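# Residue-level structure breakdown
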Amino acid sequence: MQAWDARVAGATRLGVRFLIRINRMKGIYDAEIRASNRIGLGLTSIFEWAWLRYGLGFDALIAPHGGRDFWRALARLSTLAKREAHDYASELGMAVPATITTIKPAGTTSLLFGLTAGAHPPPAAHYLRWVRYDDEAAAAALMRAGYPSRRLDTGVLIGFPTEALLARLRQHAGLITAGEASLAAQYRWITLLERHWIGAQQGNQVSCTLNFNTDAMDLPELRRLLRRHQPRLRAAALLPRRAACAIAPAYMPEEPISAATYAALMGQIKP
């Protein structure tokens, strides 16, 4: 574990240095960059790290006095990043960065590694990730290989069966997906990330979309949660969902499926 922690600390320092050096490149916002030297060192795969390193799932992380080792480690990394930014910027004769820590949505980068995106829980334990193809030949080849498909007026949707890494890691009861976490729980999660990673100084924000089921709460409860939590956060986008809306699944990027459906689909796909 000590070697793992050392690698994470080393990656934090290197990330800060890489970002500051990027700010030395010429760009159209040179004046602003020279003045603020802003950087944004972000996190992704937070849930996998919490589970593999600390054995903590979502509920344990947000429980009162829960996940103390995890949150202390995150605060130490935040302090380390800010100290490294101060020292390295000073060494290069640059302004100390106005912002250092952030968490971006990380949707695209997370797809490359099959990890949770930024601060977002996994969309589901098993799901179809729908990708639209304009290239009919490429879509046809994938359909012949056994991938599920749907046709739209603007192209063809190909569904890629996906199993969340946390499901493969056998998190089981500790695995909370985006559709399962309550809005209050998600607000607490973002609040803790702001407190321990973003910090009171030299922090940007947690860019995260909070999913919630409108059928699970009435309007007065929603207003109470918004008034209590939203003004205290630097940022939080909300995405209400309702099963009765009959939104076409083909237009949603992820469609939850059962483990049995996932296994059946994987069984029919040819290499």
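Before going into details, it helps to say that this report is about the structure given with it. (Residues numbered from 1 in each chain as written. Predicted model: local features only at pLDDT ≥ 70, side-chain atom pairs only at ≥ 80, totals over all residues. Heavy atoms only, no water.)

Here the focus is the side chain of Thr 162. Position of Thr 162 among the secondary structure elements: in strand E4 (residues 155-163). Here the side chain of Thr 162 touches Phe 160 through a polar contact of 3.0 Å, landing on its backbone oxygen. Aside from chain neighbours lying at most four places away, what touches Thr 162 is Ala 125, His 126, Tyr 127, Arg 129 and Tyr 262. (Helix = DSSP H or I, 4+ residues; strand = E, 2+ residues; numbered from the N terminus. Polar contact = N/O pair within 3.5 Å; in protein donor to acceptor, adjacent residues only side chain to side chain. Contact = heavy atoms within 4.5 Å.)

We now examine helix H7 (residues 136-144). Capping of H7 at its N-terminal end is provided by Asp 135; its side-chain oxygen lies 3.0 Å from the backbone amide nitrogen of Ala 137. Looking one or two residues past H7, Gly 146 carries a phi angle of roughly 105°, positive in sign.

Inspection of every chain in the model, using the stated rule, returns seven salt bridges. Linking Arg 53 and Asp 5 is a salt bridge whose minimum nitrogen-to-oxygen distance equals 2.8 Å. With Arg 53 in helix H3 (residues 46-54) and Asp 5 in helix H1 (residues 2-22), this pair connects stretches of sequence that are 48 residues apart. The class for Arg 53 is buried, based on a relative accessible area of 18%. Taking the relative accessible area as the measure of exposure, Asp 5 reaches 29% and is therefore partly exposed. (Salt bridge = Lys/Arg side-chain N within 4 Å of Asp/Glu carboxyl O. Buried < 20%, exposed > 50% of the residue type's maximum accessible area, 1.4 Å probe, protein only.)

Attention shifts here to the packing of helix H9 (residues 183-198) against helix H10 (residues 219-229). Where H9 contacts H10, the axes come no closer than 11 Å and their chain directions differ by 10°. Between H9 and H10, the angle is such that the two are roughly parallel. Where H9 approaches H10, its residues Leu 183, Ala 184 and Tyr 187 are matched on the opposing element by Leu 222, Leu 225, Leu 226 and His 229. The residue makeup of the contact of H9 with H10, split by class, is six nonpolar, one polar and no charged. (Axes fitted to C-alpha atoms, helices over the stretch in contact; angles between N-to-C directions. Parallel < 35°, antiparallel > 145°, perpendicular 65-115°, else oblique. Nonpolar A, V, L, I, M, F, W, Y, C, P; charged D, E, K, R; others polar.)

Working definition: the strands of a sheet are paired by backbone hydrogen bonds and lie parallel or antiparallel to each other. Taken in spatial order, the four strands make up an open sheet running E3-E4-E2-E8, and their pairing is antiparallel. What marks the edges here is a single partner per strand, and that holds for strand E3 (149-152) and strand E8 (254-256). Between one strand axis and the next, the sheet turns through 30° on average, direction left out of account. In this sheet, E4 lies alongside strand E2 (residues 126-133) in antiparallel orientation, the contact comprising eight bridges. Its bridge partner being in E4, Tyr 127 is matched across the sheet by Thr 162. (Pairing = 2+ DSSP bridges.)

On to the nonpolar core. Across soluble globular proteins, nonpolar side chains have a tendency to be buried as a group. If you look at the biggest cluster of nonpolar residues, it comprises 52 residues, and the most contacted ones within it are Phe 70, Trp 189, Ile 190 and Leu 193. Looking at this core, the elements with two or more residues in it are H1, H3, helix H4 (58-62), helix H5 (68-91), helix H8 (165-168), H9, strand E6 (209-213) and H10. Ranked by residues supplied to this core, first place goes to H5 with ten residues. In this view, Leu 193 contacts Ile 46, Trp 71, Leu 74, Ile 103, Ala 119, Ile 198 and Val 206; residues no more than four positions away in its chain are not counted. Counting residues in hydrophobic clusters, the runner-up holds seven residues, among them Leu 128, Trp 130, Ile 257 and Leu 265. (Core = buried A, V, L, I, M, F, W, Y, C linked by side-chain atoms within 4.5 Å.)

Let's shift gears to the packing of aromatic side chains. For the structure shown, the criterion picks out nine aromatic pairs. Measuring from centroid to centroid gives 5.9 Å for Phe 47 and Phe 58, while their planes differ by 40°, and the two rings are tilted. Note that Phe 47 is positioned in helix H3 and Phe 58 in helix H4, a separation of eleven residues in sequence. By the burial criterion, Phe 47 is buried, and Phe 58 matches it. Here a set of aromatic residues connected by ring pairs shows up, and it is made of Phe 47, Trp 49, Tyr 54, Phe 58, Phe 70, Trp 71 and Trp 189. Positioned over the ring face of Tyr 54 is Arg 53, at 4.6 Å from the centre of the ring. (Phe/Tyr/Trp six-rings, centres within 6.5 Å; stacked < 30°, edge-to-face > 60°. Lys NZ or Arg CZ within 6 Å of the ring centre and 35° of its normal.)

Now for H9. Structural remark: α-helix, 3.6 residues per turn; residues separated by three or four positions point the same way. Given a rise of 1.5 Å per residue, 16 residues ought to cover 22 Å, and the 21 Å separating the end C-alpha atoms of H9 matches this to within 8%. What H9 keeps buried is the set Leu 183, Ala 185, Gln 186, Tyr 187, Trp 189, Ile 190, Leu 192, Leu 193, Glu 194, Trp 197 and Ile 198. Positioned one or two residues after H9, Gly 199 has a phi angle of 80°, which is positive. (Expected span 1.5 Å × (residues − 1).)

Quick look at the environment of Ile 62 now. Along the chain, the position of Ile 62 falls in helix H4. Considering only alpha carbons, one finds Ile 62 and Gln 186, 124 residues apart in sequence, at a separation of 8.8 Å. Excluding anything up to four places from it in sequence, Ile 62 contacts Ala 185, Arg 188, Trp 189 and Leu 192.

All right, on to unusual backbone geometry then. The backbone of Asn 37 shows a phi angle near 50°, a positive value even though the residue is not glycine. Counting through the fold element by element, Asn 37 comes out in the loop between helix H2 (30-36) and H3. When its relative accessible area of 1% is taken as the criterion, Asn 37 is described as buried.

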